[in-house]
Amino acid sequence: MRIRNIFFISFIAISLSACSWSNFPFLYKPDIQQGNVLPEDRVAQVKVGMNKDEVNYLLGNPILVNVIDSRDTQYIYTFKPGKGDMTTQKLILTFNNDKLVQIARSE
């Protein structure tokens, strides 16, 4: 009876600690990409004065569109390598009367 209890408690302890095993160096972790890929040559073609259709043709449909105030459009791209830190790129475009008036970028 005592051996069974020790085995049961050990099994529960190992099961609960299984989530922390993901930091072992030999485990495979895939690269994760999300959002709009923002190639430099395409972003460089975006100019103030373009309309939304022209911008969407160059960069694709945006990930985030503010439904309350549709002037702001956000293109967001994140990349998390399996063994590294996540990087984020944001391109925030502001439109007024369907014309691009401001381009803001952050990394």
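Described below are features of the structure shown in this document. (Residues numbered from 1 in each chain as written. Predicted model: local features only at pLDDT ≥ 70, side-chain atom pairs only at ≥ 80, totals over all residues. Heavy atoms only, no water.)

## A few points about the overall build of the chain
Reasoning step 1: Scanning the chain from terminus to terminus reveals three helices and five strands.
Reasoning step 2: Helices and strands in the chain line up, N terminus first, as α-β-α-α-β-β-β-β.
Reasoning step 3: Across the 107 residues in the chain, those meeting the buried criterion constitute 18%.
Reasoning step 4: In the chain, the share of contacts with a sequence separation of at least 24, taken over all contacts with a separation of at least 6, comes to 43%. (Helix = DSSP H or I, 4+ residues; strand = E, 2+ residues; numbered from the N terminus. Buried < 20%, exposed > 50% of the residue type's maximum accessible area, 1.4 Å probe, protein only. Contact = heavy atoms within 4.5 Å.)

## Here we look at unusual backbone geometry
Reasoning step 1: One non-glycine residue, asparagine 97, lies in the positive phi region at around 55 degrees.
Reasoning step 2: With respect to the helices and strands, the residue asparagine 97 is situated in the loop between strand 4 (87–96) and strand 5 (99–106).
Reasoning step 3: Of the residues examined, asparagine 97 reaches a relative accessible area of 72% and is grouped as exposed.
Reasoning step 4: In this model, aspartate 98 sits at a positive phi of 65 degrees, which is unusual for a non-glycine residue.
Reasoning step 5: Among the residues examined, aspartate 98 registers a relative accessible area of 39% and is labelled partly exposed.

## Structural notes on a nonpolar patch on the surface
Reasoning step 1: On the surface, a cluster of nonpolar side chains totalling about 570 Å² of accessible area is made up of Phe7, Phe8, Ile9, Phe11 and Ile12.
Reasoning step 2: Here phenylalanine 8 shows up in helix 1 (residues 2–16).
Reasoning step 3: Owing to a relative accessible area of 52%, phenylalanine 8 belongs among the exposed residues under this scheme. (Patch = residues over 30% accessible without salt bridge, like charges linked within 9 Å, V, L, I, M, F, W, Y side chains within 5 Å. Areas by Shrake-Rupley, 256 points an atom, 1.4 Å probe, with all protein chains shown as cover. Salt bridge = Lys/Arg side-chain N within 4 Å of Asp/Glu carboxyl O.)

## Focus: the pairing of strand 5
Reasoning step 1: As defined by bridge partners, strand 4 adjoins strand 5 across seven bridges and the pair is classed as antiparallel. By the bridge assignment for strand 5, leucine 91 is matched with arginine 105. (Pairing = 2+ DSSP bridges.)

## Topic: the nonpolar core
Reasoning step 1: Residues Leu38, Val43, Val46, Met50, Val55, Leu58, Leu59, Tyr75, Leu91, Leu93, Phe95 and Leu100 constitute the largest nonpolar core, which totals 12 residues.
Reasoning step 2: Of all the secondary structure elements, the ones that give two or more residues to this core are helix 3 (52–59) and strand 4.
Reasoning step 3: Apart from residues no more than four positions distant in its own chain, methionine 50 is found in contact with Gln45, Val55, Leu58, Phe95, Asp98, Lys99 and Leu100. (Core = buried A, V, L, I, M, F, W, Y, C linked by side-chain atoms within 4.5 Å.)

## Observations concerning the packing of aromatic side chains
Reasoning step 1: Throughout the structure, instances matching the rule amount to zero aromatic pairs.
Reasoning step 2: In this structure, lysine 52 is placed above the aromatic ring of phenylalanine 95, and the distance from its NZ or CZ to the ring centre is 5.4 Å. (Phe/Tyr/Trp six-rings, centres within 6.5 Å; stacked < 30°, edge-to-face > 60°. Lys NZ or Arg CZ within 6 Å of the ring centre and 35° of its normal.)

## Focus: the environment of glycine 84
Reasoning step 1: The residue glycine 84 is located in the loop between strand 3 (72–80) and strand 4 in this model.
Reasoning step 2: Judged by relative accessible area, which is 24%, glycine 84 ranks as partly exposed.
Reasoning step 3: As a C-alpha pair, glycine 84 and lysine 29 span 55 residues in sequence and 10.0 Å in three-dimensional space.

Note that all results are geometric; they support no functional claim without further evidence.
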